[in-house]
Amino acid sequence: MTKTAVRTLSQTKTIKSNISAKKAASILADYRLACESREASLLGRKEVFMGKAKFGIFGDGKELAQIAMAKVFRPGDFRSGYYRDQTFMFAIGELTLQQYFAQLYAHPDVNADPASAGRLMNGHYATRMIDENGALKELSKSKNSSADISPTAAQMPRLVGLGYASKLFRENKELRKFRNLSENGNEVAFGTIGNASTSEGMFFEAINAAGVLQIPMLMSVWDDEYGISVPKEYHTTKGSISKILAGFQRTDTEKGFEILIVNGWNYTALLETYETAARICREEHVPVLLHVNEMTQPQGHSTSGSHERYKSKDRLNWEAEYDCIRKMREWIIEQEISSPDELIALEKEAKTTAKTAKDAAWKAFNEGIHNDQKNLDRILENASASHSAIAGIREELNKTINPLRFDAVKAAKKASRLLIGSDDPVRRELSDWIELTANENMERYSSHLYSQSEWSALKVQTVSPLYSDNSSLLDGREILQACFDAALQRDPLILAFGEDVGRIGDVNQGFAGLQQKYGELRVTDTGIRECTIIGQGIGAALRGLRPIAEIQYLDYFLYALQTLSDDLACLQYRTKGGQKAPLIIRTRGHRLEGVWHAGSPIGMILHSLRGIYVIVPRDMTQAAGFYNTMLRSDDPALIIECLNGYRLKERMPDNIGEFTVPLGIPEILREGSDVTIVTYGSMCRIIIEAAEELSAVGISCEVIDAQTLLPFDIHHSILESVRKTNRVVFADEDVPGGASAFMMQKVLEEQGAYAFLDSRPMTITGKEHRPAYASDGDYFSKPNPEEVFDKIYQMMRESDPHRFHKLY
Ligand SMILES: Cc1ncc(C[n+]2csc(CCOP(=O)(O)OP(=O)(O)O)c2C)c(N)n1
Ligand SMILES: [Mg+2]
């Protein structure tokens, strides 16, 4: 076959004459699955309209392509897809009809909804890749689906990483022994996306990255010509993604993609096309784009509306005629594989199967709620005789149709309020029920933001740095380089990549010489594509590798933020501990100069990345200790190095690859008795300088380096300092109300330090605008030692004007 043109494989073939009984059975099994899946979609929509579920989005119209895709999906393979893929998940045996409905109802039990334990809308698929202890399962033996998210095209960055891992497992001989993770990199990363979502920037970025990396990524575009109500002309130049990506087609002389086109209603062509696509991907490690055209949406986009509002009569008629199940049915009859009567019977069975599963899911969903409510009902019943108002509350609760958990909680709390001040023992019983239920619901709805396994970053053993008389004084960058060298030496699963990380060992030379030492697969340059650098890391980490993905400067972090926030930060949470990606994101920030080289939007990070630890080491020794900690844990972390610290001198610990710094433990850099100053990162040096000046006028500052912002001071040590000084200042380079406000909330509200304050708490921050350029721009935009001095002096003057006279 020529490699120069986009290809359309053969259209429906006649197999009437030579079809075997076995083949016929397999075709009918496929047809049955398609019918069951369709029934699930139809029933799902009804459940929403009956008020039993809140929202529904279904895979009808996409069934046959997904069955074809499932046939070539092998153990060890990975999917990164979107909400239309129910039929695929059924076909690979990783979703039952009952689980499908359990998710529709938001059943908060991992056994009922293994993908999300009721935490996500329906249509978000995932397999459980880690066991109940948090250990990775044998991923090379299971069929794996990475956990779906809702933002369109947001599955793309991660897909790059899933494919990239296969390349590493195949090409890096040191990884051969990890057969629990990969069989020689034979695994294909299957992506799915809707036609309209290909308009997103990250789709194009990911396609380009996959072409550059030459990874086994099989990208299917489900093309139904619409994105909700908006037709293809508004989404895609020339209305066709395969047409505009034709330039990616590989040729005999140039690497690229294989691009294949097939219609979504053509069963045999789909089977054949997927066979070809998977073979190319798996054997040759060449990415394939498979454009599946002429798909339909029999029920429209979702339960939010009906497509009759925006599709023409002609389009609706066409969709009815080209419905893939109808087309397959016609073909089965035409090929005499089965008779219309037999098919009617099969279709009836499919209806019953789907309905039975739906009923079972609904029953199980309600049973859990009912059991909780039963215990409360007993308490309310006991109280009813003596409290008629409680009898009313009970009656009201029992009358509620399809009650949810919150109905019982509301009733219990209402009843409790009626007993305020009473010594009736029912009050105690109600309180106990409320507390128990709150704990259970905490576990149901709020567990697993971070790892809860034995490898949690918070459980890594602390090992102090060791120094000897001849410990050398080196540039900060050399400390980091030695740490990375030791890590790469210690663990073949560790790798690092990013812009300029490979050949020159990053722009500040933390990896200097390490590509030469460990090879291009361990220390690697990438294109300028922050979002897919992160995706490359997420996918690789999901597959058991230990990537350090570098974002060159914190100022360019915004390109990566969406993927970090929507995908990585909530991964453990949204799967309730079913998946983990212990990715380390390395970047550098704080203190350089100018609008795009200043690096301090820490509030933005803290507000969007709960679920990722945020570490802000003040120097490179602390940074090395944090890398060592995180590389021994299974949590993801962002480590922000100080841009101006690479050439400052530090002493090299003798155990550079071994010592660890614990998370959430602030360090007192200078003891004092008048005011506690909480800061982090590069500001530590500025605050210390100011503290020295302040001590000359008799003000004693206690300077505390928070070290990590997520988690923040887990043992409340700052409270102890404030108890002593009775004054507190939070200082950083972020905007007013940014990370300083975060720290203030933690210390004053959470730790309760407000009770010990003699002065108004204060924040010292950068200006609201981005920092101006050059040294003066920096000085007047960000906190400087003089400003810190003045503000703290003024604070002291307010409390003791006789001792501290007017400054200016
Ligand atoms: C970033 C983002 N923008 C908007 C939405 C809302 N939305 C959900 S699905 C969808 C249309 C997607 O169409 P397409 O990719 O063609 O997939 P289809 O539903 O047609 O299979 C939109 C706009 C979203 N989920 N994410
Ligand atoms: Mg579409």
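Below is a summary of the structure that appears in this document. (Residues numbered from 1 in each chain as written. Chains lettered and ligands numbered in written order. Predicted model: local features only at pLDDT ≥ 70, side-chain atom pairs only at ≥ 80, totals over all residues. Heavy atoms only, no water.)

## Here we look at the coordination of the magnesium ion (ligand 2)
In plain terms, the rule: Distances up to 2.8 Å from the metal define which N, O and S atoms are donors, and 3.2 Å serves for Na, K and Ca; water is absent from the atom set, so sites may look incomplete. Burial classes follow relative accessibility: with a 1.4 Å probe on protein chains only, a residue under 20% of its type's maximum area counts as buried, one over 50% as exposed, and anything between as partly exposed.
Taken together, Asn195 (OD1), Asp224 (OD) and Tyr226 (O) make up the protein donors of the magnesium ion (ligand 2), found 2.0 to 2.1 Å from the metal. Of note, the magnesium ion (ligand 2) draws all its donor residues from one chain, in the sequence arrangement N-x28-D-x1-Y. Taken individually, Asp224 and Tyr226 each receive the classification buried, so the pair is uniform in this respect.

## Focus: the nonpolar core
Defined as follows: Only buried residues count toward a nonpolar core, which is a set of Ala, Val, Leu, Ile, Met, Phe, Trp, Tyr and Cys residues joined through side-chain atoms within 4.5 Å. By the convention used here, residues are in contact when the closest approach between their heavy atoms is within 4.5 Å.
Within the largest apolar cluster, 126 residues are counted, with the highest numbers of intra-cluster contacts made by Met156, Phe557 and Leu709. The residues touching Phe557, leaving out its near neighbours within four places in the chain, are Ile551, Leu564, Ile585, Met604, Ile605, Leu609 and Leu638. Membership of the second largest hydrophobic core comes to 70 residues, among which are Tyr125, Ala278, Cys281 and Val292.

## Re the packing of helix H15 (residues 476-490) against helix H21 (residues 620-631)
Just so we agree on the cut-off: Inter-axis angles, ranging from 0 to 180 degrees, are taken between N-to-C directions of lines fitted to C-alpha atoms, where helices are fitted over the stretch in contact. The way it works is that DSSP assigns letters per residue, a run of H or I at least four long becomes a helix, a run of E at least two long becomes a strand, and they are numbered from the N terminus. Any angle that falls under 35 degrees is termed roughly parallel, while one over 145 is termed roughly antiparallel, one within 65 to 115 roughly perpendicular, and all others oblique. The crossing is said to be left-handed when, going from far helix to near helix, the turn is anticlockwise and less than a right angle, and right-handed when the turn is clockwise.
Across the interface, H15 lies against H21 with an axial gap of 8 Å and an inter-helix angle of 15°. Regarding the angle of H15 to H21, the classification is roughly parallel. The way H15 lies across H21 gives a crossing that is right-handed. Contact residues: H15 offers Gly476, Arg477, Ile479, Leu480, Cys483, Phe484, Ala487 and Arg490, while H21 offers Met620, Thr621, Ala623, Ala624, Tyr627, Asn628 and Leu631.

## Looking at the site of ligand 1
Selection criterion: Whether a residue is near a molecule or strand depends on its heavy atoms: it is near if one of them lies within 4 Å of it. Pairs of N or O atoms within 3.5 Å make up the polar contacts considered here, provided that, within protein, one atom can donate a hydrogen while the other can accept it, and that residues adjacent in sequence are counted only when both atoms are side-chain atoms. Using a 1.4 Å probe, accessible areas were evaluated by the Shrake-Rupley method; residue-level cover was limited to the displayed protein chains. Each residue gets one label: Ala, Val, Leu, Ile, Met, Phe, Trp, Tyr, Cys and Pro are nonpolar, Asp, Glu, Lys and Arg are charged, and the others, such as Gly, are polar.
The environment of ligand 1 is made up of 17 residues, and the closest members are Tyr82, Tyr83, Arg84, Ser197 and Tyr226. Between an oxygen atom of ligand 1 and a side-chain N or O atom of Ser197, the distance comes to 2.5 Å. Gln297 is positioned with one of its side-chain polar atoms (N or O) 3.4 Å from an oxygen atom of ligand 1. Expressed as a share of its isolated accessible area of 580 Å², the protein-covered part of ligand 1 is 72%. By residue class, the composition of the shell around ligand 1 is six nonpolar, eight polar and three charged.

## Looking at the sheet that holds strand E19 (residues 675-679)
Rules: Two strands are said to pair when DSSP picks up at least two bridges between them.
What the five strands build is an open sheet, ordered E18-E20-E19-E22-E23; its pairing is mixed. Edge positions in the sheet fall to strand E18 (667-670) and strand E23 (762-764), since each of these pairs with one other strand and no more. Looking at each pair of strands side by side, their axes are set apart by 30° on average, direction ignored. As paired elements, strand E22 (residues 728-731) and E23 share three bridges and run parallel to each other. Note on E23: the bridge partner recorded for Phe730 is Thr763.

## Observations concerning the side chain of Arg282
As for its placement among the helices and strands, Arg282 is situated in helix H8 (residues 267-284). A relative accessible area of 8% places Arg282 in the buried class. There is a polar contact of 2.8 Å between the side chain of Arg282 and the backbone oxygen of Val72. Engagement of the side chain of Arg282 in a polar contact is seen with the backbone oxygen of Asn186, the distance being 3.1 Å. With sequence-adjacent residues up to four places away left out, Arg282 is seen in contact with Val72, Arg74, Asp77, Arg170, Asn186, Glu187 and Val188.

## Considering unusual backbone geometry
Leu710 connects to Pro711 through a cis peptide bond whose omega is 5°. We note that Glu225 has phi near 70°; this positive angle belongs to a residue other than glycine. Tracing the backbone through its elements, the reader meets Glu225 in the loop between strand E5 (217-222) and strand E6 (226-227). You can call Glu225 partly exposed: its relative accessible area is 24%.

## Here we look at the pairing of strand E20 (residues 701-705)
Selection criterion: Consider the strands pointing away from the viewer: the crossover is right-handed when the path from the first strand over the helix to the second runs clockwise.
Along E20, five of the five residues are buried, which leaves the element largely enclosed by surrounding structure. In E20, alternate side chains face the same way, and those of Cys701, Val703 and Asp705 on one face and Glu702 and Ile704 on the other are all buried. Across three bridges, E18 lies against E20 in antiparallel orientation. Residue pairing in the sheet places Arg670 in a bridge with Val703 of E20. Judged from the five bridges that link them, E19 and E20 form a sheet pairing that is parallel. Following the sheet pairing, Val678 is matched in E20 by Ile704. The β-α-β motif built from E19, the intervening helix H22 (residues 683-696) and the parallel element E20 has right-handed crossover chirality.

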